[in-house]
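# Report on the structure
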Amino acid sequence: MLVTITIIATLGTLTFAGFRSAREKTKTIVEINAARNLITGYLGYAAEHNGQVLAGYQTDPTVTNLEGELLEFPINARYPWRLAPSVPSVKGVLVFNGTESILDLKDRDYRVSASPNLGLNATLVGGHFGSGSPLPPTQRIVSSYGKFYLSQLTESDDPAKLIVFASARSGKNQPGYFEVRPPNLTGRVWSSKSFTPEADASAHGFVDFRWGGKAVVAMLGGNVELKTDEDLRDMRRWSHQAARANDGDFMISKAR
């Protein structure tokens, strides 16, 4: 009887493990499909604006929610509601895999703006124009560092490798954030330690390697891939300047 119970328990454990693995694979596919829709919408926006990409973070007083109501700052500065008209739907593209439940909350508009499943490489693609920006593209900053951010599709020599969106998190077990940050800017941004779910989200620029140690990443070329922590430490994937310099450890420095 003990042998039988042991066998049943073992089979039960294997079945549960298999179910959990299958569920994770399904959720990964959902996120990959969402990323494809998101980057398609992003490129569609650029096509409608003569190749100019969506600003990473910039207040837009004309942005509305699902009911057509005007949205206020900071909701109208983050990318989700500004890009929403260019994607098939908010549910399934901006929020999914359980986070779509925020659509039923009273503060839905704010929550969608702050916690989409995929974060935007806002500082280096489009430019983060907010007061909380780690490197705001003001006239003074650009005159000192040069034009470090991409604003036109044509500025990238290798769009298939330039990150636009990546799996994001705002904290431990808190999937979703409106931006992701590169390993380096004018100094180191990411921790030297490998990613762990227990680490502070900012230690890896809010990127979440939640799919078996990989993050879903959507590139400017329209392709979507799964990448590891090691893969994404390469600055050539984040910055068109780094790609041109062929420098994986690139840092933004003052123009000479």
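Quick look at the structure, then. As the structure is a prediction and not an experimental result, all values here were calculated from the model. (Residues numbered from 1 in each chain as written. Predicted model: local features only at pLDDT ≥ 70, side-chain atom pairs only at ≥ 80, totals over all residues. Heavy atoms only, no water.)

## Describing the environment of V216
By the secondary structure assignment, V216 is in strand β5 (residues 214-219). For the pair V216 and I29, spaced 187 residues apart in sequence, the C-alpha to C-alpha distance is 9.6 Å. Residues in contact with V216, not counting those within four places in the same chain, are E31, I32, A35, L118, F165, A166, S167, W211, V224, E225 and L226. (Helix = DSSP H or I, 4+ residues; strand = E, 2+ residues; numbered from the N terminus. Contact = heavy atoms within 4.5 Å.)

## Focus on the pattern of salt bridges
A full pass over the atoms with the stated rule returns 12 salt bridges. One salt bridge connects E67 with R108, and the closest N-O pair in it is separated by 2.6 Å. Residue E67 is found in the loop between α1 (2-48) and α2 (79-83), and its partner R108 is found in helix α3 (residues 108-114); the two are separated by 41 residues along the sequence. In this structure, R181 and E179 form a salt bridge, with 3.0 Å as the shortest nitrogen-oxygen distance. Looking at E179, the relative accessible area reads 2%, which means it is buried. (Salt bridge = Lys/Arg side-chain N within 4 Å of Asp/Glu carboxyl O. Buried < 20%, exposed > 50% of the residue type's maximum accessible area, 1.4 Å probe, protein only.)

## Side note on the packing of aromatic side chains
Taken as a whole and judged by the stated rule, the model has 11 aromatic pairs. Summarising the aromatic geometry, the rings of F129 and Y149 are spaced 6.1 Å apart at their centres and angled 85° between planes, so their arrangement reads as edge-to-face. Note that F129 is positioned in the loop between β1 (118-120) and α4 (139-145) and Y149 in the loop between α4 and β2 (163-167), a separation of 20 residues in sequence. When the ring of F195 is compared with that of F209, the centres are 5.2 Å apart and the planes differ by 65°; the resulting orientation is edge-to-face. Note that F195 is positioned in the loop between β4 (174-175) and β5 and F209 in the loop between β4 and β5, a separation of 14 residues in sequence. Across the pair, F209 and F195 agree in class, each one buried. Among the aromatic residues, those joined into a cluster by ring pairs are Y57, F73, Y177, F178 and F206. (Phe/Tyr/Trp six-rings, centres within 6.5 Å; stacked < 30°, edge-to-face > 60°.)

## Observations regarding the nonpolar core
One finds L38, Y42, Y79, W81, L83, V90 and F165 to be the most contacted residues of the largest nonpolar core, which totals 38 residues. Sorting elements by how many residues they give to this core places α1 first, with seven residues. The contacts of L83, once residues within four sequence positions are left out, are L38, G41, Y42, Y45, L54 and F165. Ranked by size, the runner-up nonpolar core spans 30 residues in total, among them I163, F178, F206 and F209. (Core = buried A, V, L, I, M, F, W, Y, C linked by side-chain atoms within 4.5 Å.)

## Here's the deal with the pairing of β5
Where burial is concerned, most of β5 is hidden: five out of the six residues are buried. Pairing of β2 with β5 involves three bridges; the strand directions are antiparallel. Bridged to I163 within β5 is M219. Inspection of the sheet shows β5 paired to strand β6 (residues 224-228) by five bridges, in the antiparallel sense. Across the sheet, residue V216 finds its bridge partner in β6, namely L226. Hairpin geometry of β5 and β6 is characterised by an intervening segment of four residues between the two adjacent antiparallel strands and by a positive phi of about 95° at G222. (Pairing = 2+ DSSP bridges.)

## Regarding the sheet that holds β2
Pairing between sheet strands relies on hydrogen bonds along the backbone, with the strands arranged either parallel or antiparallel. Taken together, the four strands give an open sheet; going across it, the order is β1-β2-β5-β6, and neighbouring strands pair in antiparallel fashion. Of all the strands in the sheet, the pair left with one neighbour each is β1 and β6. Across this sheet, the average inter-strand angle for adjacent strands is 35°, counted without regard to direction. (Axes fitted to C-alpha atoms, helices over the stretch in contact; angles between N-to-C directions.)

## Some points on the side chain of E179
Structurally, E179 can be placed in the loop between β4 and β5. A distance of 3.0 Å separates polar atoms of two side chains, one belonging to E179 and the other to R181. In contact with E179, not counting residues within four places along its chain, are G119, L120, A122, T123, H128, A168, G205 and F206. (Polar contact = N/O pair within 3.5 Å; in protein donor to acceptor, adjacent residues only side chain to side chain.)

## Observations regarding the environment of M235
Residue position: M235 is located in the loop between β6 and α5 (240-245). Judged by relative accessible area, M235 falls into the buried class, the value being 1%. Sequence separation of M235 and L120 is 115 residues, and the distance between their C-alpha atoms is 15 Å. Ignoring any residue separated from it by four or fewer positions in sequence, one finds M235 in contact with L124, P182, P183, N184, A242, D247, G248, D249 and F250.

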